[in-house]
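If you want the building blocks of each chain, they are given just below.
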Amino acid sequence: MWHPKSTFYYDTPIRQFSSNALADIIIDLERQGIEVLLVGVHEQLKYLMKAIVIIGEYIKEEHLFENFSAALLWINQQNEGE
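Note on numbering: residues in each chain are counted from 1, in written sequence order. Reporting of local features is limited, given that this is a predicted model, to residues whose pLDDT is at least 70; pairs of side-chain atoms are given and counted only at 80 or more, and all residues count toward the totals for whole chains, interfaces and linings. Hydrogens and waters are ignored; side-chain quantities use all the structure's heavy atoms.

Topic: the overall build of the protein chain
Right, so step 1: Working definition: helices are DSSP H or I runs of at least four residues, strands are E runs of at least two. Numbering for both runs from the N terminus. The helix and strand tally for the protein chain stands at 4 helices and 2 strands.
Right, so step 2: Going from N to C terminus, the protein chain has its helices and strands arranged as α-β-α-α-β-α.
Right, so step 3: Relative accessibility thresholds used throughout: buried, under 20% of the residue-type maximum; exposed, over 50%; partly exposed, between the two (1.4 Å probe, protein chains only). Counting the 82 residues in the protein chain, one finds 27% classified as buried.
Right, so step 4: All accessible-area figures derive from a Shrake-Rupley calculation using a 1.4 Å probe, and residue coverage is judged against the displayed protein chains alone. Approximately 5900 Å² of the protein chain is accessible, and the part contributed by carbon and sulfur atoms is 55%.

A look at a nonpolar patch on the surface
Right, so step 1: On the surface, Val-39, Phe-68 and Leu-72 cluster together into a nonpolar patch covering about 280 Å² of accessible area.
Right, so step 2: Mapped onto the fold, Phe-68 is located in helix α4 (residues 68–80). A residue counts toward a patch only above 30% relative accessible area and without a salt bridge, and it is joined to like-charged neighbours within 9 Å or, for Val, Leu, Ile, Met, Phe, Trp and Tyr, to nonpolar neighbours within 5 Å. A carboxyl oxygen of Asp or Glu within 4 Å of a side-chain nitrogen of Lys or Arg is what we treat as a salt bridge.

Details of the side chain of Lys-46
Right, so step 1: Examined against the element boundaries, Lys-46 turns out to sit in helix α2 (residues 43–51).
Right, so step 2: By relative accessible area, Lys-46 is classed as buried at 15%.
Right, so step 3: Under the rule applied, a polar contact is a pair of N or O atoms within 3.5 Å (in protein, one hydrogen donor and one hydrogen acceptor; residues adjacent in sequence only if both atoms are side-chain atoms). A polar contact of 3.3 Å, which involves the side chain of Lys-46, links it to the side chain of Glu-43.
Right, so step 4: Two residues form a contact once any of their heavy atoms are found within 4.5 Å. Non-local contacts of Lys-46, meaning those with residues more than four positions away in its chain, are made with Val-41, Ile-55, Leu-64 and Glu-66.

A word on the pattern of salt bridges
Right, so step 1: Applying the stated rule across the entire model yields 2 salt bridges.
Right, so step 2: One salt bridge connects Lys-46 with Glu-43, and the closest N-O pair in it is separated by 3.3 Å. Here the residue Lys-46 and the residue Glu-43 both occupy positions in helix α2, the gap between them amounting to 3 residues, near one helical turn.
Right, so step 3: Put simply, Lys-50 and Glu-61 hold a salt bridge, and the shortest N to O gap is 3.3 Å. Remark: Glu-61 occurs in the loop between α3 (54–57) and β2 (64–65) and Lys-50 occurs in helix α2; sequence separation between them is 11 residues.
Right, so step 4: Judged by relative accessible area, Lys-50 falls into the partly exposed class, the value being 38%.

The following block contains the structure:
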């Protein structure tokens, strides 16, 4: 099981490129006023995205969901308030 204090395995060039590409997409969407929700994010990617401040600055912790049902529930709750 991966642990944040263990060796950071998300460091191969392909994975790093993918993480950077995902970060660029998220930043672009947020700048356009599109609220980004992430579902089922692997712990390694979550750790990396926190390290480069994507989670926290561009994506709120409450916008991370374990499964799609939880994300839909959150969306429905947000829409009830409008």
